[in-house]
Amino acid sequence: MSALEIVNIRKTYGDVETLKGIEIALESGEFLVLLGSSGCGKSTLLNIIAGLAEATSGDVRIGGRSVLGVHPKDRDIAMVFQSYALYPNLTVHRNIGFGLEMRKVPAAERDQAVREAAKLLQIENLLERKPSQLSGGQRQRVAIGRALVRKPEVFLFDEPLSNLDAKLRMEMRTELKRLHQMLKTTVVYVTHDQIEAMTLATRIAVMRDGRIEQLGTPSEIYDRPATLYVATFVGAPPMNLLNVRVHGGQLQIDGSDTVLPLPDGLETRPKDRQKLIIGIRPEAFRLGSSELMIPAKCEVAELTGPELVVTAFAGTQRIMASLPPRTALENGRPLTLSFDREAIHLFDAESGLRL
Ligand SMILES: Nc1ncnc2c1ncn2[C@@H]1O[C@H](COP(=O)(O)OP(=O)(O)OP(=O)(O)O)[C@@H](O)[C@H]1O
C-alpha cells in the first residue's frame, strides 16, 4: 500500500488550469521533492494534499484512504511552512506542543513528546524561550518540532528553508536529511532550489506548467533528463545545449566544422538531416584531445574557488566548461574540450524530448 497516492489531480482557477492531471504514488519513507519554477503549481498541489485547497477533480489517498472532504487536521499530515507561524506569546515548549494541547493530549504525555522532538532537533535548552529570543534557524527547528510531535503519516514542507541565509540554509538542509534518515517518515517537500532537491530527495518530480515533466531519483533526473527543460533546470552552470544536424549518421554542430558520432543506446534513431540538440554538462569537459572533442575559443575564465568556469565559443555557439581550478588558460586562445561518449545527451529540437 502506498503512503500517499495522488490520482489524476486537476485544479482550475476560473478558466485557467493550474494542475493538469498529476499522478504520483509514494511508498512509505520516501522523500519526494516537488521542484519547479515559480507558478508551476507546486504549492497548489501541496495545499491540495494538505486539504487547504480543493482539487477540481482527482483523488488524494493517505495510508490507502481517500481524504477528499476530510478536514486538514484529520488527514494524518503535518505541514511546515516557509513562514514558521509560531505563536509569539507562547514558549518554545508550548509552541511545539500546541497541536497536542488542542487535541487534549494529557500534559505528561505532551511534555514527553515535546522533549523527544526537542532532543532530536537539538533545541532542548531553548524550551522556555519565546520565539523572539530565537535565531531564524532555531525558529525553523521549532516549526519542524511542532510537526514532529504529531507523528503524522506524511510530512509536508513548503519551501521551509527559503527565509534563511545561505549558510544556515545548508546547515538546516543537512539537518533535515539527518532527521529523515533517522525517522524514515514520508515527506513531500516543495522547493525551487535544485540543490535542495538533489540532496534531500529520494525522488524528484520536476514540474512545469501544471504537469510533471519527469519523476525520478536524483541521479535519473541528473544523468538521464527526459526533456530539455529538465536538462537545463538541474545543474549549475546549466547543461550546454548545442544545435546540431544529423548528417550521414553523424552530428554536425551548427556554425562550426566539428562533427561528433551518434551516442550509443538511443531509444529513437534520428533521421538524416533531423535537427537535434546535443547536451553536455559543463563538468563533463576536460582539456586536451581525445576521440570526442570540440575545438573552441576561450572568452572568459572565472575562478569560483573550487573550479574554473570557462566560457568559450565553438564556432558561433557558446559553451561553458567547469575545469579544475589550477588550469592555465588565456582569454582569446584556442582550447580543446574533450568528453566521454556517455556525456552526450541528445534531444529532438522541436519536441524537446530525449532521444
Ligand atoms: N487562489 C488562486 N486563485 C487564482 N489563481 C491562483 C490561486 N492560487 C494559485 N493560483 C495560480 O496558480 C498557479 C500556480 O500557483 P502555485 O502557487 O501553485 O505555484 P508555485 O509553483 O508554488 O509557485 P511559487 O514557487 O511562486 O510559490 C499560478 O499561476 C498562480 O497564479
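Conventions and cut-offs
- Residues numbered from 1 in each chain as written.
- Predicted model: local features only at pLDDT ≥ 70, side-chain atom pairs only at ≥ 80, totals over all residues.
- Near = placed C-beta within 6 Å.
- Helix = DSSP H or I, 4+ residues; strand = E, 2+ residues; numbered from the N terminus.
- Nonpolar A, V, L, I, M, F, W, Y, C, P; charged D, E, K, R; others polar.
- Pairing = 2+ DSSP bridges.
- Axes fitted to C-alpha atoms, helices over the stretch in contact; angles between N-to-C directions.
- Domains from an automatic or database assignment.
- Contact = placed C-beta atoms within 7 Å.
- Buried ≥ 20, exposed ≤ 12 C-beta atoms within 10 Å, placed from the backbone.
- Core = buried A, V, L, I, M, F, W, Y, C linked by C-beta atoms within 7 Å.
- UniProt positions renumbered as here; feature names shortened; annotations may be inferred.

A. Up close: the site of the ligand. In the vicinity of the ligand, the contacting residues are Tyr13, Thr18, Gly36, Ser38, Gly39, Cys40, Gly41, Lys42, Ser43, Thr44 and His192. With 3 residues, the single largest contributor to the shell around the ligand is helix α1 (residues 42-50). Split by residue class, the shell around the ligand holds 2 nonpolar, 8 polar and 1 charged.

B. Spatial organisation of the sheet that holds strand β20 (residues 345-348). The 5 strands are arranged β13-β12-β11-β14-β20 in an open sheet whose pairing can be described as antiparallel. In the strand order of this sheet, the two ends are held by β13 (259-261) and β20, each with one partner. Averaged over all pairs of adjacent strands, the angle between their axes in this sheet comes to 40°, without regard to strand direction. When strand β12 (residues 250-253) meets β13, the two strands line up antiparallel, connected through 3 bridges. Residue pairing in the sheet places leucine 251 in a bridge with leucine 260 of β13.

C. Representation of the domain arrangement of the protein within the structure. According to the domain assignment, the protein consists of domain 1 (4-233) and domain 2 (240-348). Using only C-alpha atoms to locate each centre, domain 1 and domain 2 end up separated by 39 Å. Each partner contributes to the interface: domain 1 provides 4 residues, whereas domain 2 provides 5 residues. Here the residues of the side of domain 1 that touches domain 2 are counted per class, giving 3 nonpolar, 1 polar and no charged.

D. Highlighting the sheet that holds strand β17 (residues 308-314). The strand order across the open sheet formed by 5 strands is β15-β19-β16-β17-β18, and the pairing between neighbours is antiparallel. Because the sheet does not close on itself, it has two edges, and the strands there are β15 (286-287) and β18 (317-323). As paired elements, strand β16 (residues 293-303) and β17 share 6 bridges and run antiparallel to each other. Note on β17: the bridge partner recorded for leucine 303 is leucine 308.

E. Seen up close, the pairing of strand β8 (residues 186-191). With 6 of 6 residues buried, β8 lies mostly within the body of the structure. Residues of β8 alternate between two faces, with Thr186, Val188 and Val190 on one and Val187, Tyr189 and Thr191 on the opposite face, all of them buried. Bridge count between strand β3 (residues 31-35) and β8: 5 bridges; the pairing is parallel. Of the residues in β8, the one forming a bridge with valine 33 is tyrosine 189. As paired strands, strand β7 (residues 154-158) and β8 are joined by 5 bridges and run parallel to one another. Each residue of the ladder has a partner; that of phenylalanine 155, found in β8, is valine 187.

F. Here's a closer look at the nonpolar core. Core analysis: the largest hydrophobic core is formed by 87 residues, its most contacted members being Leu32, Val33, Leu34 and Val188. Lining this core are residues from two domains, each supplying at least three of them: domain 1 (4-233) and domain 2 (240-348). When sequence neighbours within four positions are dropped, the list of residues in contact with leucine 34 reads Lys42, Leu45, Leu46, Val188, Val190, Ala205 and Met207.

G. Seen up close, unusual backbone geometry. Cis rather than trans, the peptide bond between alanine 236 and proline 237 has omega equal to -10°. Turning to its location among the elements, proline 237 is positioned in the loop between α8 (228-233) and β11 (240-247). Residue aspartate 76 is not a glycine yet carries a positive backbone phi of 65°. The residue glutamine 122 is not glycine, and still its phi comes out positive at about 55°. Topologically, glutamine 122 is positioned in the loop between α3 (107-120) and α4 (136-148). The exposed category is assigned to glutamine 122, around which 11 C-beta atoms lie within 10 Å.

H. Quick peek at the pairing of strand β9 (residues 203-208). Where β3 and β9 come together, 4 bridges link them in parallel fashion. Within the sheet, the bridge partner assigned to leucine 35 lies in β9 and is valine 206. Summarising the sheet, β9 and strand β10 (residues 211-216) pair through 5 bridges and their orientation is antiparallel. Note on β10: the bridge partner recorded for isoleucine 204 is glycine 216.

I. Region of interest: the UniProt feature "domain: ABC transporter" (unreviewed entry) in the protein. Residues annotated by UniProt as "domain: ABC transporter" (unreviewed entry) correspond here to residues 4-234. When the span residues 4-234 is considered, its composition is 36% helix and 26% strand, and the gap between its end C-alpha atoms is 25 Å.

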